[in-house]
Number of protein chains: 2
Amino acid sequence: MKESGRKQGAASPCAACKLLRRRCAQDCVFAPYFPADEPQKFANVHKVFGASNVNKMLQELPVHQRGDAVSSIVYEANARVRDPVYGCVGAISSLQQQIDTLQTQLALTQAEVVHLRVRQTASFPHGFCPTSPSNSGSPTFKLMGSQTMPIFDMDMVVD
Amino acid sequence: MKESGRKQGAASPCAACKLLRRRCAQDCVFAPYFPADEPQKFANVHKVFGASNVNKMLQELPVHQRGDAVSSIVYEANARVRDPVYGCVGAISSLQQQIDTLQTQLALTQAEVVHLRVRQTASFPHGFCPTSPSNSGSPTFKLMGSQTMPIFDMDMVVD
């Protein structure tokens, strides 16, 4: 059987067509993103999403967005292979826990600053104070809470 | 044609079997997680992952982990339907940006605390200082940086 590569003079099909044992056409939707020398990259995507679904997903996107879509699909597939129960949702949970911890630490530290300033103001109501904000030249800050994005407004089933 | 429900006396198949137009057997792997009254829940999962792949993924897990696996799969599928380019990896990026912002804010606020304390110590080297840590009774804190988890050690393709 004559093998037909995607590129002129290239004998080998892309990693997707190789795994699917099919001819790699000139306009193969997978070929730009799944080179022959990275077979595992497509193998995980195929295992988790299925070649047919990924094909449809890519076809529905304009060409300039397909690279990003493949990157996120590969990331999700690898995460699911590593963690079959939680996939990349496990990473989301970990990141949210980190955010909770950071927000608590930030609130405590901001309270520390307020506390230090209130005490110094109470002790030096009319005179020079070495730790006064107007003398310190130190950085300012604002509360982070209002910047938290509503990421988890998607449906999430909890048993 | 006689319809065979999963539960005794229940005539309707689960949402998965209904969509796939097949008989819902007593031991249907989907039935506990995809009830007939939530058709969209399975529709998105089927569109993104494919029923066959999800069936395999669930079969490979012990029963007590399947509920969590379905939750994360449904979450990922909904995220992909809402954002066909980035899926739930978009949420991960947003969360990481929030963490970066919080870490910067925390570092600045911690520097503010140190700054206030150094100035007061320099001004009150031997006597009582109203903002001394030993007098303040205020909360303590520690740096967050070392607690950051290495979530992004998975392969991520960047074009």
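Residues numbered from 1 in each chain as written. Chains lettered and ligands numbered in written order. Predicted model: local features only at pLDDT ≥ 70, side-chain atom pairs only at ≥ 80, totals over all residues. Heavy atoms only, no water.

The name recorded for chain A in an unreviewed UniProt entry is LOB domain-containing 4-like protein, from Gossypium arboreum. Checking UniProt for chain A, the heading Sequence similarities (unreviewed entry) contains the comment "Belongs to the LOB domain-containing protein family." (UniProt positions renumbered as here; feature names shortened; annotations may be inferred.)

Some thoughts on helix H2 (residues 39-48) of chain B
Residues and elements named next belong to chain B. Those residues of H2 that sit buried are Lys41, Phe42, Asn44, Val45 and Val48. One side of H2 holds all its buried residues, which, seen down the axis, span an arc of 160°. Turned more than 90 degrees off the buried face of H2, the exposed positions are Pro39 and Gln40. One or two steps after H2, the chain reaches glycine 50, where phi turns positive at roughly 90°. (Buried < 20%, exposed > 50% of the residue type's maximum accessible area, 1.4 Å probe, protein only. Helix = DSSP H or I, 4+ residues; strand = E, 2+ residues; numbered from the N terminus. Arc of directions from axis to C-beta.)

Here we look at the nonpolar core
The biggest cluster of nonpolar side chains holds 52 residues, and the ones touching the most others in it are Phe30, Phe34 and Phe49 of chain A together with Phe30, Phe34 and Phe49 of chain B. Among the secondary structure elements, those contributing two or more residues to this core are helix H1 (15-20), helix H2 (39-48), helix H3 (51-59) and helix H4 (63-82) of chain A together with helix H1 (15-20), H2, helix H3 (51-59) and helix H4 (63-82) of chain B. Beyond its immediate sequence surroundings of up to four residues, phenylalanine 30 of chain A is in contact with Cys14, Ala16, Arg22, Phe42, Ala51, Val54, Asn55 and Leu58 of chain A. (Core = buried A, V, L, I, M, F, W, Y, C linked by side-chain atoms within 4.5 Å. Contact = heavy atoms within 4.5 Å.)

Focus on the environment of alanine 91 of chain A
Residue and element names in this part refer to chain A. Topologically, alanine 91 is positioned in helix H5 (residues 87-123). Look at alanine 91 and you get buried, because its relative accessible area is 9%. Each C-alpha atom of the pair alanine 91 and valine 63 lies 29 Å from the other, and the pair is 28 residues apart in sequence.

Side note on the packing of aromatic side chains
Residues and elements named next belong to chain A. All told, the structure shown has seven aromatic pairs over all chains when counted by the stated rule. Summarising the aromatic geometry, the rings of phenylalanine 30 and phenylalanine 34 are spaced 6.0 Å apart at their centres and angled 65° between planes, so their arrangement reads as edge-to-face. Here phenylalanine 30 and phenylalanine 34 have matching classes, each one buried. Joined through ring pairs, the aromatic side chains of Phe30, Phe34 and Phe42 make up one cluster. (Phe/Tyr/Trp six-rings, centres within 6.5 Å; stacked < 30°, edge-to-face > 60°.)

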